Amino acid sequence: MNRVLLEKQLKELEGRNLYRRRKILQSAQGVRVTCNGVKLLNFCNNDYLGLAGHPKVIRALKKGLDKWGVGSGSAHLVCGHGEAHHALEDELAQFTGRERALLFSTGYMANLGVISALVGRGDRVLEDRLNHASLLDGGIVSGAKLQRFKHADVDALALSLSRSQGNKDLVVSDGVFSMDGTLAPLPDLVRVSKIAKAGLMIDDAHGLGVLGQGGKGTLEYFHLDQSDVPVLVGTFGKAFGTFGAFVAGSEALIETIIQRARTYIYTTAIPPAIAEATRVSLRLAELETWRREKLQNLVCRFVQGAKQLGLSLMDSVTPIQPLLIGGSHEALCFSDQMRSLGFLISAIRPPTVPDGTARLRITFSALHEETQIDLLLEALANILNKDGGC
Ligand SMILES: *Cc1c(COP(=O)(O)O)cnc(C)c1O
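Starting from 1, residues in each chain are numbered consecutively following that chain's sequence as written. Restriction of local features to residues with pLDDT of at least 70 applies here, the model being predicted, together with a cutoff of 80 or more for giving and counting side-chain atom pairs; totals for whole chains, interfaces and linings are based on all residues. The side-chain figures draw on all heavy atoms in the structure; neither hydrogens nor water molecules are used.

Participant: Which parts of the structure should I look at to understand the site of the ligand?
Facilitator: One heavy atom within 4 Å of a molecule or strand is enough for the residue carrying it to be called near that molecule or strand. Residues in contact with the ligand amount to 14 residues; listed here are only the nearest, G107, Y108, D203, H206 and K238. Residue D203 places a side-chain N or O atom 2.5 Å away from a nitrogen atom belonging to the ligand. A distance of 2.5 Å is found between an oxygen atom of the ligand and a side-chain nitrogen or oxygen belonging to H206. In isolation the ligand has 380 Å² of accessible area, and contact with the protein removes 82% of it. Polar contact is the term for a pair of N or O atoms within 3.5 Å; when the atoms are in protein, one must be able to donate a hydrogen and the other to accept it, and sequence-neighboring residues count only if both atoms are side-chain atoms. Per-residue and other accessible areas were derived by the Shrake-Rupley procedure at a 1.4 Å probe size, with only the shown protein chains allowed to occlude residues.

What follows is the structure, encoded as structure tokens:
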């Protein structure tokens, strides 16, 4: 690649306020972080339950390292599948109320692998427009025909499904939309998928651990099970505070994925110690219901306060509470101003979100305190009321 051309493209991105820059943290992940040398209150990670730094999870990881070493040594199908991985899979099957679960190294790879194991050339994948990039990419990689339907528009989906081309159809949606915090219309997705005899796959990266009494996610919230949603994907990097992902469903589904998912077959298994840490965080996520309750209270406090301030939030009941800004420049400016007031909140811009809908993606953790929510609201109000603001 020609350097001059690359530099020109980069300048052009910068000119459109779409250039991405990484911030460097000098502290562990958490509510209080040091970022580029400055202490900030963090409102943008996905550690919803506050398990990423939990002492019991850390201890499980250390014990796991002593017992199993660091690397898994190979892919699952060669000789990298250990007792720790297998135990976690059994516990995930139990947690999700499904026949079996299967580990993947990341959620991105799970989505690529699962979709392309289930559909291919001649089939169709029907996806919500706002689905996570990994689901949309999974649709592309699979070779099936990718049809995107208007966000949460079940009638549009039903119409597409009624024009079936005779081959396999797979409906795919986020459970909780990652940049909006809103829920998929799951009962309706189940209904139209069943009528059309299409498969249904839900990626519940942001619902698991957070929604439902037992933290079983969007499906528990809507009282749905494996017979309604045959394919469930979850990740460990969010509420569970570790790293990796899984898919859960029937015995036949899991065996099919083991035989066919290239992102399963051709990649190294996660370190077994990570599996041990995840076993503990899964148990904490399920049993320590106070984390979910506290999180809900914090979210309610924020939503009420934001309403009083007249902030434009989305219709979200989850710890993802984006503040819609619109332009990328304005969103960056708002994020910078929040940083100067001591708050870390990332601006999310296209193409992660549709054009003209740049936002501050505010997220909450069970480790936040009510007083910190009040400080956040105060700071947001400050910037909105300031002359010459963003
Ligand atoms: C984060 C995320 C993923 C990717 O998971 P990783 O384990 O981080 O690769 C997939 N789907 C959704 C909806 C996500 O938010």
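Participant: Looking at this structure, how should I read helix α15 (residues 370-385)?
Facilitator: Across its 16 residues, α15 extends 23 Å between first and last C-alpha, which sits within 8% of the 22 Å expected from 1.5 Å per residue. Looking at α15, one finds that the buried residues are Q372, I373, L376, L377, A379, L380, A381 and I383. Secondary structure elements follow DSSP: runs of H or I no shorter than four residues count as helices, runs of E no shorter than two count as strands, and numbering proceeds from the N terminus. Expected span of a helix: the number of residues minus one, times 1.5 Å. For the exposure calls, accessible area comes from a 1.4 Å probe over protein chains only, and a residue counts as buried if that area is under 20% of its type's maximum, exposed if over 50%, partly exposed in between.

Participant: Explain unusual backbone geometry here, please?
Facilitator: Residues apart from glycine generally show negative phi values, whereas peptide bonds are mostly found in trans. Here the amide bond leading from P350 into P351 is cis, since omega sits at 5°, within 30 degrees of zero. Position of P351 among the secondary structure elements: in the loop between β12 (347-348) and β13 (358-363). We note that N36 has phi near 45°; this positive angle belongs to a residue other than glycine. When you line up the elements, N36 lands in the loop between β1 (32-35) and β2 (38-42). Even without being glycine, A152 reaches a positive phi, approximately 60°. Considering the arrangement of structural elements, one finds A152 in the loop between β5 (145-149) and α7 (154-162). Judged by relative accessible area, which is 31%, A152 ranks as partly exposed.

Participant: How should the sheet that holds strand β9 (residues 245-249) be read in this particular structure?
Facilitator: Within a sheet, each strand pairs with its neighbour through backbone hydrogen bonds, oriented either parallel or antiparallel. Here the rule is simple: two strands pair whenever DSSP picks up at least two bridges between them. Reading across from one edge, β3-β9-β8-β7-β6-β4-β5 is the order of the 7 strands in this open sheet, with mixed pairing throughout. Both edges of this open sheet fall to β3 (100-104) and β5, since each of them pairs with a single strand only. Here the strands of the sheet are splayed against their neighbours by 20° on average, with no regard to which way each runs. Sheet analysis places strand β4 (residues 124-128) next to β5, joined by 5 bridges and oriented parallel. Note that in β5 the partner of E127 across the bridge is R148. Only heavy atoms matter for contacts: two residues are in contact if any of them lie within 4.5 Å across the pair. Geometry is summarised by axes, namely lines fitted to C-alpha atoms with helices restricted to the contacting stretch, and by angles between N-to-C directions that run from 0 to 180 degrees. This element, helix α5 (residues 107-118), spans β3, β4, β6 (169-174), β7 (199-203), β8 (231-235) and β9 of the sheet and lies at about 165° to β8. The strands touched by helix α10 (residues 251-260) are β3, β8 and β9; relative to β3, the strand with the most contacts, the crossing angle is about 25°.

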